[in-house]
Amino acid sequence: MTVTSYYSNLPEAEYDPIVKIMSQYASDPSPSKIDLTIGVYKAENGDSYLFPSVAKAKKWLHANDPGHNYTNMAGIPEFTAGAREVIFGKKSAIQGKIASLQTISGTGACHMASLFLGECGLNNYYIGTPFWSNYQPMLEHAGAKVNHFRHYNPETREVDFESTVRALNEAPKDSVFLFQACCHNPTGADYSKKQWTQIADIMKERELFPFFDIAYQGFSSGDKDEDAWAIRHFYEKGLNLLACQSFSKNMGLYSERAGCLHVVVQEGVENPDTLDRVQGMLVTFFRMECSFGPAFGARIAAALMNKPELKEEWDQDVAQITERLQNLRKSVLQKLTAMDTPGNWDHVIKQNGLFWYTGLNEEQVSRITKQEHVYMTFAGRVNIASLNESNIDQFCRSLDKIVRETK
Amino acid sequence: MLSRTVQKNLFKRSNAVSSVRFISAFSEIPLAPPDKILGIAEAYNKDSNPQKINLGVGAYRDDTGRPIIFPSVKKAEEKLLTAETEKEYTGIIGNKNFQNIIKNFIFNNSGKDVNGEKLIKDGRIVSSQTISGTGSLRVIADFLNRFYNTKHILVPKPTWANHIAVFNDAGITSEFYSYYDTSVNGLDFENLKSSLQNAQEGSIVLLHACCHNPTGMDLTAEQWDEVLAIVQEKSFYPLVDMAYQGFASGDPYKDISLIRRLNELVVAGNIPSYALCQSFAKNMGLYGERTGSISIVTESQEASTRIESQLKKLIRPMYSSPPIHGSKIVEQIFADESLFQSWLSDLNSVVGRLNSIRTKFYEKLDKTNYNWEHLNKQRGMFVYTGLTKEQVIELREKYSVYATEDGRFSISGINESNVDYLADAVNKVIAK
Ligand SMILES: Cc1ncc(COP(=O)(O)O)c(C=O)c1O
Ligand SMILES: Cc1ncc(COP(=O)(O)O)c(C=O)c1O
């Protein structure tokens with residue numbers, strides 16, 4: 001067999017469904033089409049958004065050009081230290097219990113995390129449905145077994161805590177639970193503090209391993225510390241855990257791929273040797289895939305985290321974005337209420353972050369796209385940030401119309 | 001220290017210790033072997049001898065020992081600073097413009113390679129932006145592991161330290177073919193050929209495009225012809241690693257003769273497919289920005305479509321999409337003819353310094369009892385001295401000269417102000 005015959009049998013891989021919707025949108029000639037699919041924040045005028053704090057950091061970096069040399073294998077130290085503090089808080093960040101690795105953003109962090117856990121013998125995963133579409137292929141790529149429970153209950157339009165607890169109680173020891181720490185993608189439905197506390201208790205008791213993905217820190221409450229509550233709680237509880245951090249969304253650094261993997265090693269203080277081993281393992285794995293993380297995004301992020309005036313501005317940027325998202329949610333609810341749209345729409349303000357999981361069914365989604373030129377994911381996920389003065393009325397009217405039609 | 005088996009297990013994820021208890025899981029992790037180059041840097045930093053020399057760096061340094069920013073790169077960044085207004089995601093395999101730059105610059109040799117031009121026109125090249133050279137090697141290895149029928153690769157002995165680890169990590173096992181004969185400090189061409197001839201048919205074969213790392217010793221045009229004849233005869237799958245394009249001749253166009261030969265063989269139907277891993281780390285000085293690419297030359301446009309879709313499927317769960325700061329610099333440079341010309345001249349002057357200091361070093365070496373001729377044949381960032389491990393250790397301990405124990409000197413660390421001291425130290429060590 002030669003490579004010729006082999007490649008000839010190679011099937012064409014399926015595209016991410018979101019890519020299909022985006023290309024349908026692109027070829028729709030309607031002037032009033034609205035695109036609510038994509039997962040990035042948009043400015044009020046619908047344009048791409050550059051954080052003002054990032055714009056400043058770029059100028060500062062250019063004026064204080066560090067060049068493009070190879071960096072450290074574990075990442076740029078100011079970046080990983082700052083990133084750690086953003087998630088764990090000042091005090092815990094320097095307690096000597098956390099190994100950190102700069103990664104290719106949040107995706108790369110999750111990928112390295114699953115490889116790392118595989119090496120530790122942890123291969124049995126649980127994820128709540130529905131989930132970010134990349135989890136399943138990512139975990140399978142690492143050779144893990146993936147089990148599902150229900151994160152979201154479509155009837156109550158809230159988290160399905162019962163299903164979560166059942167899974168936690170049934171999972172064999174050493175199973176890994178992949179949780180999103182805040183602003184759940186795609187549902188926007190997060191566990192309450194009380195629920196997180198219960199989850200932590202069960203996990204500790206049953207020796208389960210928490211794997212946190214935190215890609216939207218700050219977009220739930222507007223306060224990054226508050227949004228890291230769950231992770232900090234697990235940390236305080238004495239659980240070993242890991243956290244996969246992305247600055248794609250909360251700094252708008254998407255394409256610069258700034259992210260970090262943190263592994264909490266509770267015994268790190270008594271046994272610094274164990275922490276060193278974990279750190280060494282992370283670096284070794286990363287060296288075989290990338291050698292180094294990309295410098296530019298990490299330097300911008302480090303500036304936002306470590307330079308006091310930029311940090312303050314970044315905090316404000318995040319708070320403002322969150323406020324705008326929350327106002328848009330309120331506005332949608334008001335408009336639907338004013339039109340007396342059939343059904344209960346409270347979940348639009350209960351859910352957090354960039355996404356609203358509308359609850360529209362497949363037929364409704366297909367109709368709103370075909371008839372009204374409103375594009376969202378097949379599961380009815382809407383990017384709130386893509387709504388603005390110029391399209392929110394049309395969006396709400398379209399929604400109202402489709403809901404009435406399909407009642 | 002680690003036992004060999006533990007170290008081996010470290011690289012074999014599938015054999016992970018499955019019975020480790022959760023609470024103690026972390027403490028059972030073996031300590032990773034320290035990185036050799038970093039170890040050298042650390043020891044160097046601690047040394048208080050003012051005349052100490054670090055020959056371990058894998059990046060360019062100017063005559064004052066400092067890293068440089070290519071002036072053309074700095075200009076491109078100035079343009080970017082005003083031109084770039086957002087940072088939204090690029091595609092999983094990067095954007096079309098970057099891919100086209102790679103195709104046109106490398107495969108078409110900017111209009112000078114008719115075969116490459118035909119391959120591009122026929123839609124037979126799939127290119128993807130990657131996490132620099134390392135990332136491109138990792139992705140292609142994983143890709144071949146999934147879709148190619150043999151799972152092992154022939155690599156030159158010696159080769160870049162990370163090659164074997166990267167391939168192994170992706171499930172591809174490495175096997176050496178002869179390359180260099182340390183007893184004569186030269187290419188071991190007869191054994192090179194015979195070891196390839198005796199290797200398993202259909203193997204993947206790793207070829208360094210130019211400036212072989214670590215030896216700096218490349219094949220001549222005639223030697224490439226002979227090797228490529230074996231590649232065809234044995235139906236090997238060529239995987240080309242090109243991390244130092246431009247460093248052999250000072251001109252990136254001249255350093256890609258291997259690509260031109262392969263293109264010709266593909267167009268003639270003698271080789272169905274091959275892959276290229278490429279990096280801008282060295283030739284644009286973009287090291288830390290992680291800018292590189294992978295290209296697969298396919299059998300047909302239709303195959304390209306399928307291969308591209310599978311590449312995306314492979315990369316998406318690994319890191320979603322590549323970082324753009326470095327690739328935007330590349331795009332800026334290629335978009336502007338005068339900027340492009342200044343990049344070529346920046347690169348040329350970097351290589352010029354390396355070559356002139358190499359010559360200077362050669363001149364100062366004592367040749368009465370030692371043949372240093374190989375230095376003049378080697379190309380790129382390194383001098384592969386042929387010094388023994390003991391001699392390297394003596395250099396370090398007696399003269400504060402830090403190099404890897406295989407006797408590889410990074411020329412970057414040598415400059416006008418230390419070349420005499422260095423040559424003197426080497427002369428003393430070999431005189432013993
Ligand atoms: C839930 C979740 N996790 C992780 C990521 C990773 O994004 P990135 O790789 O850009 O950091 C995303 C991005 O969409 C996400 O939605
Ligand atoms: C032969 C060879 N290939 C690939 C690389 C990869 O470098 P990078 O990942 O920085 O592009 C190097 C770097 O030293 C190298 O020497």
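Residues numbered from 1 in each chain as written. Chains lettered and ligands numbered in written order. Predicted model: local features only at pLDDT ≥ 70, side-chain atom pairs only at ≥ 80, totals over all residues. Heavy atoms only, no water.

- For chain B, an unreviewed UniProt entry supplies the name Aspartate aminotransferase, mitochondrial and the organism [Candida] railenensis.
- Quoted verbatim from the Cofactor (unreviewed entry) field of UniProt, the annotation for chain B is "pyridoxal 5'-phosphate".
- In its Subunit (unreviewed entry) section, the UniProt entry covering chain B states "Homodimer." (UniProt positions renumbered as here; feature names shortened; annotations may be inferred.)

- The name recorded for chain A in an unreviewed UniProt entry is Aspartate aminotransferase, cytoplasmic, from [Candida] railenensis.
- Quoted straight from UniProt, the Subunit (unreviewed entry) entry for chain A says "Homodimer."
- UniProt lists a comment for chain A under the heading Cofactor (unreviewed entry), and it reads "pyridoxal 5'-phosphate".

## Looking at the overall build of chain A
And step 1. For chain A, the helix and strand inventory stands at 16 helices and 13 strands.
And step 2. Over its C-alpha atoms, taken along the principal directions, chain A stretches across nearly 65 × 60 × 55 Å.
And step 3. Buried residues in chain A amount to 65% of all 407 residues.
And step 4. Put simply, chain A shows about 15000 Å² of open surface, and 50% of that area lies on carbon and sulfur atoms.
And step 5. The average position of the 41 basic charges and that of the 49 acidic charges among the side chains of chain A differ by 2 Å. (Helix = DSSP H or I, 4+ residues; strand = E, 2+ residues; numbered from the N terminus. Buried < 20%, exposed > 50% of the residue type's maximum accessible area, 1.4 Å probe, protein only. Areas by Shrake-Rupley, 256 points an atom, 1.4 Å probe, with all protein chains shown as cover. Lys, Arg positive; Asp, Glu negative; His and termini not counted. Charge placed at Lys NZ, Arg CZ, Asp CG, Glu CD.)

## Brief notes about the sheet that holds strand S7 (residues 176–180) of chain A
All names here are of chain A.
And step 1. On the basis of which strands lie adjacent, the open sheet formed by 7 strands has the order S2-S10-S9-S8-S7-S3-S4 and mixed pairing. Each edge of the sheet is formed by a strand with only one pairing partner; in this case those strands are strand S2 (98–104) and strand S4 (145–150). Strand after strand, the sheet turns through a mean of 20° between neighbouring axes, direction not considered.
And step 2. Where strand S3 (residues 124–129) lies against S7, 3 bridges are found, and the strand directions are parallel. Across the sheet, the residue bridging to Tyr126 is Phe177, located in S7.
And step 3. Of the strands in this sheet, S2, S3, S7, strand S8 (209–214), strand S9 (241–246) and strand S10 (258–264) touch helix H5 (residues 105–119), which is tilted by about 160° from S9. (Pairing = 2+ DSSP bridges. Axes fitted to C-alpha atoms, helices over the stretch in contact; angles between N-to-C directions. Contact = heavy atoms within 4.5 Å.)

## Section: the site of ligand 1
And step 1. Residues in contact with ligand 1 amount to 15 residues; listed here are only the nearest, A:Ser105, A:Thr107, A:Asp213, A:Ser246 and B:Tyr89.
And step 2. With respect to ligand 1, its neighbouring residues span chains A and B.
And step 3. The separation between a nitrogen atom of ligand 1 and a polar side-chain atom of A:Asp213 is 2.5 Å.
And step 4. In the environment of ligand 1, an oxygen atom lies 2.7 Å from a nitrogen or oxygen atom belonging to the side chain of A:Tyr216.
And step 5. Alone, ligand 1 offers 390 Å² of accessible surface; in the complex the protein occludes 95% of this.
And step 6. If one sorts the elements of the shell around ligand 1 by residue count, H5(A) sits on top with 3 residues.
And step 7. Tallied by class, residues from the shell around ligand 1 come to 5 nonpolar, 7 polar and 3 charged. (Near = heavy atom within 4 Å. Polar contact = N/O pair within 3.5 Å; in protein donor to acceptor, adjacent residues only side chain to side chain. Nonpolar A, V, L, I, M, F, W, Y, C, P; charged D, E, K, R; others polar.)

## Some remarks on the side chain of A:Asn134
And step 1. Relative to the helices and strands, A:Asn134 is located in the loop between S3 and helix H6 (135–141).
And step 2. Owing to a relative accessible area of 1%, A:Asn134 belongs among the buried residues under this scheme.
And step 3. A polar contact is formed between the side chain of A:Asn134 and the backbone oxygen of B:Arg316, at a distance of 3.0 Å.

## Brief notes about the UniProt feature "domain: Aminotransferase class I/classII large" (unreviewed entry) in chain A
And step 1. Under the UniProt annotation, the feature "domain: Aminotransferase class I/classII large" (unreviewed entry) is placed at residues 32–399 of chain A.
And step 2. Helix makes up 46% of residues 32–399 of chain A and strand 15%, with an end-to-end C-alpha separation of 15 Å.

## Describing the pairing of strand S10 (residues 291–297) of chain B
Residue and element names in this part refer to chain B.
And step 1. Of all 7 residues that make up S10, 7 are buried, and the element is covered over most of its length.
And step 2. Side chains of S10 alternate between two faces, with Thr291, Ser293, Ser295 and Val297 and Gly292, Ile294 and Ile296 buried alike.
And step 3. Bridging between strand S2 (residues 125–131) and S10 involves 7 bridges; their strand directions are antiparallel. In the strand pairing of S10, Ser127 is matched with Ser295.
And step 4. Where strand S9 (residues 274–279) and S10 come together, 6 bridges link them in antiparallel fashion.

## Focus on the site of ligand 2
And step 1. Among the 14 residues in the neighbourhood of ligand 2, the closest are listed as A:Tyr70, B:Ser132, B:Thr134, B:Asp241 and B:Ser279.
And step 2. Each of chains A and B places residues next to ligand 2.
And step 3. Contact between ligand 2 and B:Ser132: an oxygen atom at 2.5 Å from a side-chain N or O atom of the residue.
And step 4. The separation between an oxygen atom of ligand 2 and a polar side-chain atom of B:Asn213 is 2.7 Å.

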